[in-house]
Amino acid sequence: MTVAERKSLAEKWISVGRGKYDKIIVHCGALSLRDARELATHAEAIGADAISAVPSFYFPPRNIEELTKAIAEVASAAPKTPFIYYHNPGRTHVSVDMALFIQHAKTHIPTFAGIKWAASDLAGLLRCKALHGDSIALMWANDDVLLGALAVGIRSFNGTTYSFSTKTARSIVDAYKRGDTAGAAREQLYLKTVVDLLEEDGNWLQRHKAILEFLTGIPTGPARLPLPPLTDAAIKKLTLDYTKLQTDFEAEKARHIY
């Protein structure tokens, strides 16, 4: 999306979501730090509760000091708004010790408030939790292993499939809280199969958009190049597979298998 498109989208989320959501976080990361700063300033001006950003990753920061300086540039453009670092090394290829980065960021970024953790490194997340406790927010973003993060004390979750699988995610959390770990694991297994279905042919984003439109009726539009669009046949098969997956799981729960 262009900077102008991202600003327009953020404005719409703020206007529609205010009063419906506890917090609205606007992502401002961009390849250009100037673009990221412009988006951060705009997000603060329209009343975002927090901003977030991945680092610039074509020429990525190579160590904690470089990462902190780059992120501080973005955060300083919204000096009154909490900043959440988006840790997604699988996409950005920026991988430094997050526990040490947190310590550095606390010192050099006044608005630093937490991390959205999209890495698969649960042990690294646990280390951050152990060293930094509740002094910052740690948001787990791996929907298919939500239960693992719950088990190590994480209580904030920000996953892509929650746009249509909130009920399942809530069932996992509720079952865990009441001590029904077996029930939580069964719900987690179902959510894992949903994630696997979306990732089946490598076109994860396109398939997610198609399922979201199918379930909500909200036109999401096709993905943009270089991501290839899904064919009508592929969308039809995906929606049929998802419906069967959902129906089978509900039937098993009704039979008290789940």
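What you see is a predicted model, and the numbers here were worked out from it, not measured in a lab.

Moving on: the pairing of strand β2 (residues 50-53). What you see with β2 is no split at all: Ala50 and Ser52 on one side and Ile51 and Ala53 on the other are buried throughout. In terms of strand pairing, strand β1 (residues 25-27) meets β2 through three bridges, oriented parallel. Paired with Val26 across the strands is Ile51, a residue of β2. With helix α2 (residues 33-45) bridging β1 and the parallel β2, this β-α-β connection has right-handed handedness. In this fold, β2 hands off to helix α3 (residues 64-75), which returns the chain to strand β3 (residues 83-87); that crossover is right-handed.

When you line up the elements, Ser52 lands in strand β2. Beyond its immediate stretch of four places on either side in the chain, Ser52 contacts Ile25, Val26, His27, Cys28, Gly29, Phe83, Ile84, Tyr85 and Tyr86.

For strand β4 (residues 112-117) and strand β5 (residues 137-140), the ladder comprises four bridges, and the chain directions are parallel. Within the sheet, the bridge partner assigned to Trp117 lies in β5 and is Trp140. Handedness of the crossover joining β4 and β5 through helix α6 (residues 122-132) is recorded here as right-handed. Where β5 and strand β6 (residues 156-157) come together, two bridges link them in parallel fashion. Paired with Met139 across the strands is Ser156, a residue of β6. Chirality of the crossover, the property in question, places the unit of β5, helix α7 (residues 146-151) and β6 among those that are right-handed.

Another point: the packing of aromatic side chains. Taken as a whole, this structure holds six aromatic pairs when the rule is applied. Aromatic pair Tyr58 and Phe59: ring centres 5.0 Å apart, planes at 85°, arrangement edge-to-face. When the centroid spacing of 5.9 Å and the interplanar angle of 85° are considered together, the rings of Phe101 and Phe112 count as edge-to-face. Residue Phe101 is found in helix α5 (residues 98-108), and its partner Phe112 is found in strand β4; the two are separated by 11 residues along the sequence. Overall, the relative accessible area of 10% leaves Phe112 in the buried class. Grouped by ring-pair contacts, the aromatic residues Tyr85, Phe101 and Phe112 constitute a single cluster.

Another aspect to go through is the packing of α5 against α6. Contact pair α5 / α6: the axes reach a minimum separation of 8 Å and the direction vectors enclose 40°. Considering their axes alone, α5 and α6 lie oblique with respect to each other. On α6, the residues touching Met98, Ala99, Ile102, Gln103 and Lys106 of α5 are Arg127, Cys128, Leu131 and His132. A breakdown of the residues in the contact of α5 with α6 according to their chemical character gives five nonpolar, two polar and two charged.

Thresholds applied
- Along each chain, residues carry numbers from 1 onward, in the same order as the chain's sequence is written.
- Residue-level local features of this predicted model are given only where pLDDT is at least 70; pairs of side-chain atoms are given and counted only at 80 or more, and the full residue set underlies all totals for whole chains, interfaces and linings.
- The basis for the side-chain values is all heavy atoms of the structure; hydrogens and waters are excluded.
- A 1.4 Å probe rolled over the protein chains alone gives each residue an accessible area, and that area as a share of the maximum for its type sets the label: buried under 20%, exposed over 50%, partly exposed in between.
- Starting at the N terminus, helices and strands are each numbered in turn, a helix being any DSSP run of H or I of at least four residues and a strand any DSSP run of E of at least two.
- Here the rule is simple: two strands pair whenever DSSP picks up at least two bridges between them.
- Consider the strands pointing away from the viewer: the crossover is right-handed when the path from the first strand over the helix to the second runs clockwise.
- Contacts: residue pairs with any heavy atoms within 4.5 Å of one another.
- Only rings of Phe, Tyr and Trp enter the pairing, Trp through its six-membered ring, and a pair is recorded when the two centres are within 6.5 Å. The plane angle decides the type: under 30 degrees is stacked, over 60 is edge-to-face, the rest tilted.
- Axes here mean lines fitted to C-alpha atoms, for a helix over just the part in contact, with angles spanning 0 to 180 degrees between N-to-C directions.
- Any angle from 65 to 115 degrees is called roughly perpendicular, while one under 35 is roughly parallel, one over 145 is roughly antiparallel, and all others are oblique.
- Nonpolar residues are Ala, Val, Leu, Ile, Met, Phe, Trp, Tyr, Cys and Pro. Charged residues are Asp, Glu, Lys and Arg, and all others, Gly as well, are polar.

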